[in-house]
Amino acid sequence: SGRRLHSLDLVRDEVLAERELQLRHFDGLDAKAGVLIGFAGLLAALAPSRESVLIEIGRLAAVIAAGSALSAFWPRDYPITDVRVLRRHYLYAEEEFTKLRLMDTQVLMIEQARELLSTKATRLKIATASLAAGVLFAAAGFAVQYVGN
């Protein structure tokens, strides 16, 4: 078209910064999932079996929390640039053209990753709520057991 893309570098830098933020968000969600799995596993394994319905409900909620947190690890197909295709098709292209294509591809990947992040976050919210319920039920069961003795 003959028009220079004067702001291409500025927009590309912003797109790359957003992509880096998403990567950190993915890592943060994975770390939280690991912590939730650990606490849920502890509650499920260490809650005493005293024939208390409340404690058993707490244990079940902890198992649900662990399963939900574990499932948050699964959608890990984070979109990445195929550098072999990039080299093969763009090595001799005009720099501005290649920058624009790369930026457009990064924008598409950001949009795809946004859905993955939303799914992970939802699963972690379910895990957190389940673990909280598990702790409350187990604590209530302990209290009932303690007061009953």
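Look up: the structure comes first, before these words.
This report concerns the structure included in the present document.

The rules behind the values
Residues numbered from 1 in each chain as written. Predicted model: local features only at pLDDT ≥ 70, side-chain atom pairs only at ≥ 80, totals over all residues. Heavy atoms only, no water. Core = buried A, V, L, I, M, F, W, Y, C linked by side-chain atoms within 4.5 Å. Buried < 20%, exposed > 50% of the residue type's maximum accessible area, 1.4 Å probe, protein only. Helix = DSSP H or I, 4+ residues; strand = E, 2+ residues; numbered from the N terminus. Polar contact = N/O pair within 3.5 Å; in protein donor to acceptor, adjacent residues only side chain to side chain. Contact = heavy atoms within 4.5 Å. Axes fitted to C-alpha atoms, helices over the stretch in contact; angles between N-to-C directions. Parallel < 35°, antiparallel > 145°, perpendicular 65-115°, else oblique. Left-handed = near helix turned anticlockwise from the far one by under 90°. Nonpolar A, V, L, I, M, F, W, Y, C, P; charged D, E, K, R; others polar.

Looking now at the nonpolar core. The biggest cluster of nonpolar side chains holds 21 residues, and the ones touching the most others in it are Phe26, Leu36, Leu43, Ala69, Leu124 and Leu131. Every element with two or more residues in this core is listed here: α1 (8–46), α2 (53–73) and α4 (95–148).

On to the environment of Tyr90. Tracing the backbone through its elements, the reader meets Tyr90 in helix α3 (residues 83–90). Owing to a relative accessible area of 25%, Tyr90 belongs among the partly exposed residues under this scheme. Taking the C-alpha atoms as reference points, Tyr90 and Leu102, 12 residues apart in sequence, are found 9.7 Å from one another.

Here we take up the side chain of Lys99. Considering the arrangement of structural elements, one finds Lys99 in helix α4. A relative accessible area of 16% places Lys99 in the buried class. There is a polar contact of 2.7 Å between the side chain of Lys99 and the side chain of Asp9. Those residues in contact with Lys99, other than ones at most four positions away along the chain, are Leu8, Asp9 and Arg12.

Looking now at α3. Since the α-helix advances by 3.6 residues per turn, residues separated by three or four positions end up pointing in the same direction. Counting buried positions over the 8 residues of α3 gives 0, only a small fraction of the element. Measuring from the side-chain oxygen of the N-cap residue of α3 to the backbone nitrogen of Arg84 gives 3.2 Å; that N-cap residue is Asp82.

Following both chains from N to C, one finds α1 and α2 inclined at 155 degrees, their axes separated by 8 Å at the closest point. Relative to α2, α1 is oriented roughly antiparallel. As α1 packs across α2, the resulting crossing turns out to be left-handed. Two secondary-structure elements touch here, α1 through Asp30, Ala33, Gly34, Leu36, Ile37, Ala40, Leu43, Ala44 and Ala45 and α2 through Gly58, Arg59, Ala62, Val63, Ala65, Ala66, Ala69, Leu70, Ala72 and Phe73. Among the residues forming the contact of α1 with α2, the class breakdown is 15 nonpolar, 2 polar and 2 charged.

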